[in-house]
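# Working through the structure, step by step
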Amino acid sequence: LGAEKQRKKYHSELLSRFASSVPHFKPDSIIEVGAGAGHFMQSVSNLYNLPVESVLTCELDQGLASYMKKQGFNTLSGDFTKLDIDQKFDLFIALDVIEHLEDIKNLPQKIKKLLNKDGIGLIQVPDHTTRKNGVKQFVEHFHYFNRDSISKLFKDTFEIVKIIHNESNTVTNSPSMTTIIKNTK
């Protein structure tokens, strides 16, 4: 498969697993952090028939943030953990982002502050369950997660709806975990 087809196939599979895990959930507002060029956000917006005005993206890369703005998305540039976002959302998305954050101890509270009551978080991280000898694979990753560590990070702040293991034949090219959390506490 070409890269574009592979990405679309992966997004479709991820959204299908997400929708089946929270079948009655329909967000009216979404925030995606680390949105990149907005491909996944576009897929989510299309799935839920949301206008771009109901979406906020946050991107660290200035060039990508500028690109997202040109696509019509409300986009903030910078580290979302340091930005003062006074809006609440039904869906929080962070795909392959939180492992890059140096300090994650306040991350669950930051996400909770952004979510409406009964809001959902969709968080994907590389799955390092099978990582050998404790060797770090990526120097830009500050954290390495397995099922237990991702659960421990969120369990005191959110209901963990589901943790889905994704095989390595995806666009991430390595095993990953998608964690679905709900703001019920």
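A brief look at the structure comes next. (Residues numbered from 1 in each chain as written. Predicted model: local features only at pLDDT ≥ 70, side-chain atom pairs only at ≥ 80, totals over all residues. Heavy atoms only, no water.)

Side chains that are nonpolar tend, in soluble globular proteins, to be buried together. In this structure, Phe 92, Ile 98, Ile 111 and Phe 154 are the most contacted members of the largest nonpolar core, which totals 26 residues. Counting residues per element, the ones that place at least two in this core are strand S1 (30-33), strand S2 (55-59), strand S4 (89-95), helix H4 (107-114), strand S5 (115-126), helix H5 (147-154) and strand S7 (176-182). Excluding residues within four positions of it along the chain, Phe 154 makes contact with Ile 98, Leu 107, Pro 108, Ile 111, Ile 123, Ile 160 and Ile 181. In terms of nonpolar packing, the next biggest core, distinct from the first, is built from 23 residues, Phe 18, Val 22, Ile 30 and Met 68 among them. (Core = buried A, V, L, I, M, F, W, Y, C linked by side-chain atoms within 4.5 Å. Buried < 20%, exposed > 50% of the residue type's maximum accessible area, 1.4 Å probe, protein only. Helix = DSSP H or I, 4+ residues; strand = E, 2+ residues; numbered from the N terminus. Contact = heavy atoms within 4.5 Å.)

The next subject is the sheet that holds S4. Across the sheet, 7 strands lie side by side as S3-S2-S1-S4-S5-S7-S6; this open sheet has mixed pairing. The open sheet is flanked by strand S3 (74-77) and strand S6 (159-166), the only strands paired with a single partner. Neighbour-to-neighbour, the strand axes of this sheet turn through a mean angle of 15°, independent of strand direction. Both S6 and S7 contribute to a ladder of 7 bridges, which runs antiparallel. Bridge pairing in S7 places Ile 160 opposite Ile 181. (Pairing = 2+ DSSP bridges. Axes fitted to C-alpha atoms, helices over the stretch in contact; angles between N-to-C directions.)

Remember, this is a structural readout, not a statement about activity or role.
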